[in-house]
Amino acid sequence: MLKYVALDYKIPCTQYFSRIRGLGHAVLLDSGFTQCQRGRYDIISAAPSARLSFNNEQLMGENLAFNIDDISDPFHAASLLLMMYQELDAKNYVFAEYPDKEIPFCGGLLGHFSYDLGRCIEEMPQHAEDDTLLPQMHLGLYGWAIIIDHQQQDCYLMLNTSLPNPDIDDLVKIIQTAAPTSCDNFELSSSFTSNLDKNQYAQALTKINDYILSGDCYQVNFAQRFSANFQGDPFNAYLKLRSVAPTHFSAFIDTEHGAILSLSPERFLSVDKQGHVLTQPIKGTQPRSNNTEQDQKNKDYLINSEKDRSENVMIVDLMRNDLSKVCELHSVKVPALFSIESYRNVHHLVSTVSGKLEQGKSAIDLLKGCFPGGSITGAPKIRAMQIIDELEPHRRSIYCGSIGYISLCGAMDTSITIRTLLAQNNTMHCWAGGGIVADSEIADEYQETFDKVNNLLDALQTSDRQ
């Protein structure tokens, strides 16, 4: 059963997060409200009762009630962890006093899936250097969460009594009265530099064009990585970033191997309790302008760009195919094609693909069938991933992976981790890329990567100078 405790809606999600952060393994799924008006839910939790990780073909766990020694598939292990506590009776996933309240997360898994988790699904080459410590997957089993519903202007503690949990009175006291966890000021101790110079970037794009002309692929999403040294607490960096780049799929996760700071605008996969599936790939980007007339011109260019529209269609077709692996026959549709979404620094071309899970299939089956997201690989997916590993100097780690929740009630919502940074061992990494097709212009693609991340990098470097 679920327990409900009313909390103060006026307190920001970041303040609640600071209060519970000291409990360990804290997760903030941040909708960016009020600056991002489409955001609805903030979900905050910590102190998972069990943890599951996968890295270098090895599963690791803590407080698991099953033996992982003979399990090689991390998705299967995640399913086992979830199924141990799932209730068959849907009444167990409602509040007795508020039976009609929409609850996005009623206990379950929170965490991340790195891009390189795709190596456990498909055979990949080993060219790119693996130089980060972040596991390819890390999930916690969380039995409680602070949920802020901006649509209903409601905030409450959800506690699932079927999972191991802290004492509810102690938890409420921490949430309501604890002082925020103190954190050191954040500052960069070097400038951001790329792992590719302009000539190396051009050589890589020329090679991709050769692959396209030879028929290996139609599109490859190619990225460069920017890195800088830092001192202090990455959460202070996140607070700065969310003020300049609010998005409705933002997240901050504390891990044993560093911190993940995500300012993603892109949904990967969502599933509701009834099994309705949604994915919303982004393909096509133009910068915003402070000049209203120029800003509209950039938006119109994106709407009418044959290159961006064809790129978008390629990925929509790929995602339709991926969804069809686990969705009912004829249920996969495209309700929206070439929609424009505008953020503080860019306009994006976004499409929507929907479906209905096949009987007997779960949200985790869907995640495995679609991972990693087609919008950040290329088409065909496997060949594009092989080319990415050949031409990008370093593995992507959290970049282009996913962050989100998988609830015991069967619901799931996940992001694509673009506009995402990894803070680890006093080094901060940030990535940016774009889809390369036959008529891509090298100079334009190179500039687009900076259009996507300059506001993030500049915000941290400006903060450092203040």
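To be clear, the structure that these remarks concern was listed above.
Keep in mind it's a predicted model, so treat the numbers as computed, not measured.

Caption draft 1: How the structure looks around the overall build of the chain. In terms of regular secondary structure, the chain is built from ten helices and 24 strands. Scaling as 2.2 N^0.38, a compact globule of 466 residues should have a C-alpha radius of gyration of about 23 Å, and the chain matches this with 21 Å. Across its three principal axes, the chain shows a C-alpha extent of roughly 60 × 55 × 45 Å. Looking at the chain residue by residue over its 466 residues, the buried ones come to 60%. Residue pairs in contact within the chain that sit at least 24 positions apart in sequence constitute 75% of those at least 6 positions apart. Split by element, the accessible area of the chain, about 19000 Å² in all, is 45% carbon and sulfur. With 38 positive and 58 negative side-chain charges, the chain shows a spacing of 4 Å between the two charge centroids.

Caption draft 2: The packing of helix H2 (residues 74-83) against helix H8 (residues 363-370), seen in detail. The N-to-C vectors of H2 and H8 enclose an angle of 165°; their axes lie 10 Å apart at closest approach. What the angle tells us is that H2 and H8 run roughly antiparallel. When the axes of H2 and H8 are compared, the crossing they make is right-handed. Contacts from Phe75, Ala78, Ser79 and Leu82 of H2 reach H8 at Ile364, Leu367 and Lys368.

Caption draft 3: Expanded view of the pattern of salt bridges. Scanning the model with the defined rule gives 25 salt bridges in all. In this structure, Lys452 and Glu448 form a salt bridge, with 3.0 Å as the shortest nitrogen-oxygen distance. With Lys452 and Glu448 both in helix H10 (residues 442-465), this residue pair falls four residues apart, about one helical turn. The same class applies to Lys452 and to Glu448, which are both buried. Each of the salt bridges in this network shares a partner with another, and the network as a whole consists of Lys283, Lys307, Glu311 and Glu445.

Caption draft 4: Representation of a nonpolar patch on the surface within the structure. Taken together, Val313, Val334 and Leu337 make up a surface patch of nonpolar side chains, about 200 Å² in accessible area. Secondary-structure assignment places Val313 in helix H7 (residues 306-324).

Caption draft 5: Focus on the packing of helix H6 (residues 292-304) against H7. With their axes 5 Å apart at the nearest point, H6 and H7 run at an angle of 55° to one another. Here H7 runs oblique to H6, going by the angle between their axes. Touching Tyr301, Leu302, Ile303 and Asn304 of H6 are Glu306, Asp308 and Arg309, all from H7. Of the residues contributing to the contact of H6 with H7, the split by class is three nonpolar, one polar and three charged.

Caption draft 6: Spatial organisation of unusual backbone geometry. Geometrically, the link from Phe371 to Pro372 is a cis peptide bond, its omega value of -15° lying close to zero. Checked against the element boundaries, Pro372 lands in the loop between H8 and strand E20 (378-379). In this structure, Pro380 follows Ala379 across a cis peptide bond, with omega equal to -10°. Within the fold, Pro380 resides in the loop between E20 and helix H9 (381-391). Backbone geometry places Asn63, a non-glycine residue, at a positive phi of 60°. We note that Cys400 has phi near 70°; this positive angle belongs to a residue other than glycine. Relative to the elements of secondary structure, Cys400 occurs in the loop between H9 and strand E21 (402-407).

Caption draft 7: Examining the pairing of strand E7 (residues 137-142) more closely. Burial analysis of E7 places six of its six residues in the buried class, the great majority of the element. Burial along E7 is two-sided: the face carrying Met137, Leu139 and Leu141 and the face carrying His138, Gly140 and Tyr142 are both buried. In the sheet, strand E4 (residues 50-55) pairs with E7 via five bridges, with the strands oriented antiparallel. Looking at E7, one finds that Ser53 is bridged to His138.

Caption draft 8: A look at the packing of aromatic side chains. Going through the model one piece at a time under the given rule, you end up with 20 aromatic pairs. With 5.7 Å between their ring centres and 80° between their planes, Phe17 and Phe252 make a pair best called edge-to-face. Here Phe252 lies in strand E13 (residues 249-255) and Phe17 lies in helix H1 (residues 13-20), a separation of 235 residues in the sequence. Aromatic pair Tyr238 and Phe252: ring centres 5.6 Å apart, planes at 50°, arrangement tilted.

Caption draft 9: Representation of the environment of Arg396 within the structure. Positionally, Arg396 belongs in the loop between H9 and E21. Relative accessible area serves as the criterion here: at 1%, Arg396 is assigned to the buried category. Along the sequence, Arg396 and Asp130 sit 266 residues apart, while their C-alpha atoms lie 8.3 Å from each other. Non-local contacts of Arg396, meaning those with residues more than four positions away in its chain, are made with Tyr115, Asp116, Asn221, Phe222, Ala223, Ile376, Ile388 and Trp431.

Caption draft 10: Molecular detail of the pairing of E21. Taken across its six residues, E21 has six buried, putting it largely inside the fold. With burial as the criterion, each face of E21 is covered, one bearing Ser402, Gly404 and Ile406 and the other bearing Ile403, Tyr405 and Ser407. Inspection of the sheet shows strand E6 (residues 108-113) paired to E21 by six bridges, in the antiparallel sense. Each residue of the ladder has a partner; that of Leu109, found in E21, is Ile406. When E21 meets strand E22 (residues 412-416), the two strands line up antiparallel, connected through five bridges. From the neighbouring strand, Tyr405 faces E22, where its bridge partner is Asp413. The antiparallel hairpin formed by E21 and E22 contains four residues in its connecting segment, where Gly410 sits at a positive phi of about 100°.

What counts, and at which threshold
Residues numbered from 1 in each chain as written. Predicted model: local features only at pLDDT ≥ 70, side-chain atom pairs only at ≥ 80, totals over all residues. Heavy atoms only, no water. Helix = DSSP H or I, 4+ residues; strand = E, 2+ residues; numbered from the N terminus. Rg over C-alpha atoms; globule rule 2.2 N^0.38 Å. Buried < 20%, exposed > 50% of the residue type's maximum accessible area, 1.4 Å probe, protein only. Contact = heavy atoms within 4.5 Å. Areas by Shrake-Rupley, 256 points an atom, 1.4 Å probe, with all protein chains shown as cover. Lys, Arg positive; Asp, Glu negative; His and termini not counted. Charge placed at Lys NZ, Arg CZ, Asp CG, Glu CD. Axes fitted to C-alpha atoms, helices over the stretch in contact; angles between N-to-C directions. Parallel < 35°, antiparallel > 145°, perpendicular 65-115°, else oblique. Left-handed = near helix turned anticlockwise from the far one by under 90°. Salt bridge = Lys/Arg side-chain N within 4 Å of Asp/Glu carboxyl O. Patch = residues over 30% accessible without salt bridge, like charges linked within 9 Å, V, L, I, M, F, W, Y side chains within 5 Å. Nonpolar A, V, L, I, M, F, W, Y, C, P; charged D, E, K, R; others polar. Pairing = 2+ DSSP bridges. Phe/Tyr/Trp six-rings, centres within 6.5 Å; stacked < 30°, edge-to-face > 60°.

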